[in-house]
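Examination of the molecular architecture
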Amino acid sequence: MGVPITFLSKYNPKQFKIVGLANSARYIGDFPCYTVINGEKIYNRILIKRRKKDEN
């Protein structure tokens with residue numbers, strides 16, 4: 001899931017794992033790589049994944 005950077009102030013490492021960053025102004029080769037929600041480009045997002053109960 002992509003969340004705003006402000007998420008870091010509420011980040012709980014026991015509940016979520018940070019898996020990456022979605023940047024709004026980059027390209028990978030000739031392919032644009034940015035976050036789009038409802039057809040609009042948005043600012044950077046932190047990509048997180050919910051941890052399972054038994055995962056550390």
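Refer to the structure presented above.
Okay, so let's go over this structure. Every value quoted in this text rests on a predicted model; they were computed, and no experiment measured them.

Tallying secondary structure elements over the protein gives zero helices and seven strands in all. Moving toward the C terminus, one meets the helices and strands of the protein in the order β-β-β-β-β-β-β. By sequence separation, contacts in the protein at least 24 residues apart represent 61% of the contacts at least 6 residues apart. With an accessible surface of roughly 4,900 Å², the protein has 54% of that area assigned to carbon and sulfur atoms.

This next bit is on the sheet that holds strand 1 (residues 2–4). Spatially, 1-7-2 is the arrangement adopted by the three strands of the open sheet, whose pairing is antiparallel. Both outer strands of the open sheet, strand 1 and strand 2 (16–22), are each paired with one neighbouring strand and no more. When strand polarity is set aside, the average angle formed by the axes of neighbouring strands in this sheet is 40°. Sheet analysis places strand 2 next to strand 7 (residues 45–50), joined by six bridges and oriented antiparallel. Opposite Leu21, over in strand 7, you have Ile46 as the bridge partner.

A word on the pairing of strand 7. With three bridges connecting them, strand 1 and strand 7 associate as antiparallel partners. Bridged to Val3 within strand 7 is Ile46.

Basis of the calculations
Residues numbered from 1 in each chain as written. Predicted model: local features only at pLDDT ≥ 70, side-chain atom pairs only at ≥ 80, totals over all residues. Heavy atoms only, no water. Helix = DSSP H or I, 4+ residues; strand = E, 2+ residues; numbered from the N terminus. Contact = heavy atoms within 4.5 Å. Areas by Shrake-Rupley, 256 points an atom, 1.4 Å probe, with all protein chains shown as cover. Pairing = 2+ DSSP bridges. Axes fitted to C-alpha atoms, helices over the stretch in contact; angles between N-to-C directions.

Take it as geometry only, folks, not as evidence of what the structure does.
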